Amino acid sequence: MTDVTDGVLHTLFRSDQGGHEQVVLCQDRASGLKAVIAIHSTALGPALGGTRFYPYATEEEAVADALNLARGMSYKNAMAGLDHGGGKAVIIGDPERIKTEELLLAYGRFAASLGGRYVTACDVGTYVADMDVVARVNPWTTGRSPENGGAGDSSVLTAYGVFQGMRASAQHLWGDPTLRGRTVGIAGVGKVGRYLVEHLLEDGARVVITDVRPDAVARITDAHPEVAVAADTDALIRTEDLDIYAPCALGGALNDHSVPVLAARVVCGAANNQLAHPGVEKDLADREILYAPDYVVNAGGVIQVADELHGFDFDRCKAKASKIFDTTLAIFARAKEDGIPPAAAADRIAEQRMAEARAGALTEALPGGGAQR
């Protein structure tokens, strides 16, 4: 098995960021699979979260990312009102080089061995076609194609949910739930970002984009020549008159380097784990930058894949994703009431729901359903 450093073990067992129920290290030498499945919590139900396929620099980095992502899914699912806990899987390696059907099947067998404690779906580096393969050996797979009983691409509702979070941010800050006349900068126009561009243009926003892949940028500008392009993320966040910054690529976008120079009044994007470390949320608040917590506004995708387990209905999912607007406003109100940043307010609400679920489960487990004292 992959060696795990004391740093990761400290995170898992002794830090406030730990508390995970289970971490599984998976290896199949025949296919080249090296994977980590992390289950943070099953208090609200089976852990639900995607499978990330990424060329991590070290195995330790992969384990740490799985832990962080799984924890984030617990909070995301709680805030989305889902009866699911949080989990995440990462497959180590470049998907462009090593992804094969044999490897995906090997991963699916490992996920299935958990007996439904973890439900998987797509994430960075994995797609609907990949989940179709995984589902052949793992019944606890979502994000499948419609032809295979699934809901298809969850990026559609992820982008819609982020757009609702932006509308709520605009309502809170400027008193009007529209992006018309606002300048929105999007870093990453792949799976989710490209759909977000469409919502913003339709609402009358001015859009500026950047992406490390020229083809992703070209796909947007070919369809929408009015969209401006920044050279890179550093240039994007310094864009004059930038109203909203939407990180839609990998995590850690809000850090000690980006926050001090960020021109936007609002941060609301699809990327997971945007805060590089504890304390960044206070740095944003000190600069009077409104932060819409990532795991709240990007929950549209997990709402969709969760619904797939019960017979997918797009209109039902879209209606539930629309409530991200109200949830985001409620978080801003709680933050103001408690005198804390929105990220901390969201954490409190999610933790309260998980604690109540654990207490309820304990009561049910007592003789007589908790009636005895």
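In short, a report on the structure.

So, how was this worked out
Residues numbered from 1 in each chain as written. Predicted model: local features only at pLDDT ≥ 70, side-chain atom pairs only at ≥ 80, totals over all residues. Heavy atoms only, no water. Helix = DSSP H or I, 4+ residues; strand = E, 2+ residues; numbered from the N terminus. Contact = heavy atoms within 4.5 Å. Areas by Shrake-Rupley, 256 points an atom, 1.4 Å probe, with all protein chains shown as cover. Phe/Tyr/Trp six-rings, centres within 6.5 Å; stacked < 30°, edge-to-face > 60°. Lys NZ or Arg CZ within 6 Å of the ring centre and 35° of its normal. Core = buried A, V, L, I, M, F, W, Y, C linked by side-chain atoms within 4.5 Å. Buried < 20%, exposed > 50% of the residue type's maximum accessible area, 1.4 Å probe, protein only. Axes fitted to C-alpha atoms, helices over the stretch in contact; angles between N-to-C directions. Parallel < 35°, antiparallel > 145°, perpendicular 65-115°, else oblique. Left-handed = near helix turned anticlockwise from the far one by under 90°. Nonpolar A, V, L, I, M, F, W, Y, C, P; charged D, E, K, R; others polar. Pairing = 2+ DSSP bridges. Polar contact = N/O pair within 3.5 Å; in protein donor to acceptor, adjacent residues only side chain to side chain. Salt bridge = Lys/Arg side-chain N within 4 Å of Asp/Glu carboxyl O. Expected span 1.5 Å × (residues − 1). Right-handed = clockwise from strand over helix to strand, strands pointing away.

A word on the overall build of the protein
Then comes step 1: When helices and strands are counted, the protein shows 15 helices and 12 strands.
Then comes step 2: C-alpha atoms of the protein, sized along the principal axes, occupy 55 × 55 × 45 Å.
Then comes step 3: Within the protein, counting contacts between residues at least 6 apart in sequence, those at least 24 apart form 65% of the total.
Then comes step 4: Element-wise, carbon and sulfur atoms account for 50% of the exposed surface of the protein, whose accessible area totals about 16,200 Å².

Structural notes on the packing of aromatic side chains
Then comes step 1: Within this structure, the stated rule accounts for three aromatic pairs.
Then comes step 2: On the numbers, 6.4 Å between centres and 75° between planes, the contact of Phe-312 with Phe-314 is edge-to-face.
Then comes step 3: Between Arg-182 and the ring centre of Trp-174, over which it is positioned, the NZ or CZ distance is 3.9 Å.
Then comes step 4: Lying across the ring of Tyr-160, Lys-318 places its NZ or CZ 5.0 Å from the centre.

Observations regarding the nonpolar core
Then comes step 1: Met-166, Ile-186, Leu-196, Val-197, Leu-200 and Ile-209 are the most contacted members of the largest nonpolar core, which has 47 residues in total.
Then comes step 2: Excluding its chain neighbours within four sequence positions, the residues that come into contact with Val-197 are Ile-186, Val-189, Val-207, Ile-209, Ile-220 and Val-227.

Some words on the packing of helix α6 (residues 155-174) against helix α14 (residues 324-338)
Then comes step 1: Remark: α6 packs on α14, axes separated minimally by 8 Å, with the N-to-C direction vectors making an angle of 40°. Of the possible angle classes, the one that applies to α6 and α14 is oblique. Crossing geometry of α6 relative to α14 is assigned as right-handed. Mapping the contact onto sequence places Gly-161, Gln-164, Gly-165, Arg-167, Ala-168, Ser-169, Gln-171 and His-172 in α6 and Ile-324, Phe-325, Thr-328, Leu-329 and Phe-332 in α14.
Then comes step 2: Split into classes, the residues belonging to the contact of α6 with α14 amount to five nonpolar, seven polar and one charged.

Quick notes on the pairing of strand β2 (residues 33-41)
Then comes step 1: Buried residues dominate β2, accounting for eight of its nine residues.
Then comes step 2: Sheet topology note: the strand β1 (residues 22-28)/β2 ladder contains seven bridges and is antiparallel. Bridge pairing links Gln-22 to Ile-39 in β2.
Then comes step 3: Connecting β1 to the next strand, β2, in antiparallel fashion are four residues, including Gly-32 with a positive phi near 90°.
Then comes step 4: When β2 meets strand β5 (residues 85-92), the two strands line up antiparallel, connected through six bridges. The residue of β5 that forms the bridge with Ser-41 is Gly-86.

Comments concerning the side chain of Ser-41
Then comes step 1: Within the fold, Ser-41 resides in strand β2.
Then comes step 2: Classification of Ser-41 as buried rests on a relative accessible area of 4%.
Then comes step 3: Looking at Ser-41, its side chain comes within polar contact range of the main-chain nitrogen of Ala-43, at 3.1 Å.
Then comes step 4: Excluding residues within four positions of it along the chain, Ser-41 makes contact with Glu-21, Ala-47, Ser-74, Gly-85, Gly-86, Met-354 and Arg-358.

Notes on the sheet that holds strand β7 (residues 183-187)
Then comes step 1: Overall, parallel pairing links the six strands, which are arranged β9-β8-β7-β10-β11-β12 in an open sheet. A single partner strand is all that each edge strand has here, and the edge strands are β9 (228-229) and β12 (290-291).
Then comes step 2: Judged from the four bridges that link them, β7 and strand β10 (residues 244-247) form a sheet pairing that is parallel. Looking at the pairing, Gly-185 lines up with Tyr-245 of β10.

So, the pattern of salt bridges
Then comes step 1: For the structure shown, the criterion picks out 15 salt bridges.
Then comes step 2: Across the salt bridge formed by Arg-353 and Asp-83, the nearest N and O atoms sit 3.3 Å from each other. Separated by 270 residues along the polypeptide, Arg-353 in helix α15 (residues 342-365) and Asp-83 in the loop between α2 (59-79) and β5 bring together distant segments of the chain.
Then comes step 3: With relative accessibility at 55%, the residue Asp-83 sits in the exposed group.
Then comes step 4: Three or more residues joined by partner-sharing salt bridges are found here, namely Arg-52, Asp-65, Lys-88 and Asp-123.

A look at the environment of Val-261
Then comes step 1: Examined against the element boundaries, Val-261 turns out to sit in the loop between β10 and β11 (266-267).
Then comes step 2: Note on Val-261: relative accessible area 27%, which makes it partly exposed.
Then comes step 3: Distance from Val-261 to Met-166, taken between C-alpha atoms, is 21 Å for residues 95 residues apart in sequence.
Then comes step 4: If we ignore the near neighbours within four places in the chain, the residues touching Val-261 are Ile-237, Arg-238 and Arg-287.

Some remarks on helix α4 (residues 101-112)
Then comes step 1: Taking 1.5 Å of rise per residue, 12 residues should cover 16 Å, and α4 covers 16 Å from first to last C-alpha, within 8% of that figure.
Then comes step 2: For α4, every residue scored as buried is listed here: Leu-103, Leu-104, Leu-105, Ala-106, Tyr-107, Gly-108, Ala-111 and Ala-112.

Some remarks on the pairing of strand β4 (residues 51-54)
Each regular strand shows side chains that alternate between the opposite faces of the sheet.
Then comes step 1: Of the pairings in the sheet, the one linking β4 to β5 comprises four bridges and is parallel in character. Note that in β5 the partner of Arg-52 across the bridge is Val-90.
Then comes step 2: In the classification by handedness, the crossover that spans β4, the intervening α2 and the parallel β5 is right-handed.

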